[in-house]
Amino acid sequence: MRHRLRTLVRLPSSPYQHSPNSQRIVFNLVASAFLFVFDTMFLLLDRRTIDPSEVALTLLLFGLFVAAGAIHLLEYVFIAALELLNVLDLIHDYSSIYFALCILMTYWVMRSWIMPALAVILFNGLASATLSASPALHIFSSVLAAAIILGTGMALRWHNARRVTADEARKRSEEATARIREELARKLHDSTAKDLAHVFVLAQDISSRHPDLAEEMRPLFHAASQASNKIRTMIISSDAMTGPIALQEVIDDVKRMLMTRRITLDTVYPHKVDDTLNDDQRRIAALVLRECASNIFKYAPSESHADLVIDADTHTGLLTISLSNEVAARPDRSAISTGYGLTNLHNMIREVQGTIECVDLRQRWITYITIPH
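Quick caveat, the model's predicted, so the values are computed rather than measured.

Draft legend 1. The pattern of salt bridges, seen in detail. Following the criterion strictly, the structure yields 7 salt bridges and no others. Note that E303 and R262 form a salt bridge whose closest N and O atoms lie 3.1 Å from each other. Note that E303 is positioned in the loop between α10 (279–299) and β2 (305–312) and R262 in the loop between α9 (247–259) and β1 (264–268), a separation of 41 residues in sequence. Exposure remark for E303: the relative accessible area of 59% places this residue in the exposed category. D279 serves as the salt-bridge partner of R282, at 2.3 Å between the closest nitrogen and oxygen. In this pair, R282 and D279 are both assigned in helix α10, 3 residues apart and thus about one turn of the helix distant. For R282, a relative accessible area of 13% gives the class buried. Among the residues examined, D279 registers a relative accessible area of 48% and is labelled partly exposed.

Laid out in structure tokens, this is it:
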């Protein structure tokens, strides 16, 4: 109960966060133009004399009302100026300016500034009543205006709250979907795709050592290749691995994968390497390590060594990755896909103004990659 009372009587201190300033400015401008033209046309049709000073003061008030859509401090200036001119009876012909006050008070109700809004409306009514020949009519109109403002403001606030709740629910749903897609793609890349590559490589090794089984192993090659290509399409279409990634975990994963073929990966990289990189660098570096490790897995001989060196320049933020491995004289394994794909990796690195170079040097494949901060 106390919290509700504090909410009702709290003074205006901050803008209504769910209504962009641009919308309020446009609405205030259109409303001001309509109200001013309406009063002017009414005076002309009634053949009444238009006081230039009253026109100037009215335009000043409307200008403050429009500017208050962006600068909330001007709301108080507008209210003070309007009440001062009302007490001095300087804008009696342009009475539609009070509709602007009603619009502003509706904004306040939408912000839950209910008591201050009602106080301003009632104060304006009492001030008008003291200067009017029919005070009872002014008091009644003020009470009626307060009821309409309160009802309209609460209805708009309720509608806005529903919209905001729906937007937040949609955003949470999209984030959850993205996380699920990312996790699925990562698991496909790190487990299923690697397992298929392992099956393919082992089947080729068996065929090489036992030529008499080559024909029987051919359907296995074909099935593994087709399944691998389907998985690659799924990974790319799901925009895989776009979230935060721990590079240390990726290094450990590729080491374990290579050890299944008894390939030792010797590594040199900074302590707490993840702390020295931004999110984009970690994401691209993870893809680089996974894809290059997949190629090492496919083309390097068993019981061989591969080298990985990672360096991050503390001044420029440039990340460099170099990998090297032996290349065995083995059957072509290009049909088997292990995930994202080197072509896609090349394109991604170039998009961030990085570089990637690959060279075959004396039966040793060397890859050198730079990724800017």
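Draft legend 2. Geometry of a nonpolar patch on the surface. On the surface, L84, V87, L88, L90 and L131 cluster together into a nonpolar patch covering about 450 Å² of accessible area. Mapped onto the fold, L90 is located in the loop between α4 (73–87) and α5 (97–110).

Draft legend 3. Layout of the pairing of strand β5 (residues 364–371). By the bridge criterion, 8 bridges tie strand β3 (residues 319–326) to β5 in an arrangement that is antiparallel. What sits directly across from L319, in β5, is I371. Inspection of the sheet shows strand β4 (residues 355–360) paired to β5 by 6 bridges, in the antiparallel sense. When the sheet's bridge partners are listed, V359 is paired in β5 with I366. Count of turn residues in the β4/β5 antiparallel hairpin: 3 residues, of which R362 carries a positive phi of about 55°.

Here is what the cut-offs are and how they apply
- Residues numbered from 1 in each chain as written.
- Predicted model: local features only at pLDDT ≥ 70, side-chain atom pairs only at ≥ 80, totals over all residues.
- Heavy atoms only, no water.
- Salt bridge = Lys/Arg side-chain N within 4 Å of Asp/Glu carboxyl O.
- Helix = DSSP H or I, 4+ residues; strand = E, 2+ residues; numbered from the N terminus.
- Buried < 20%, exposed > 50% of the residue type's maximum accessible area, 1.4 Å probe, protein only.
- Patch = residues over 30% accessible without salt bridge, like charges linked within 9 Å, V, L, I, M, F, W, Y side chains within 5 Å.
- Areas by Shrake-Rupley, 256 points an atom, 1.4 Å probe, with all protein chains shown as cover.
- Pairing = 2+ DSSP bridges.

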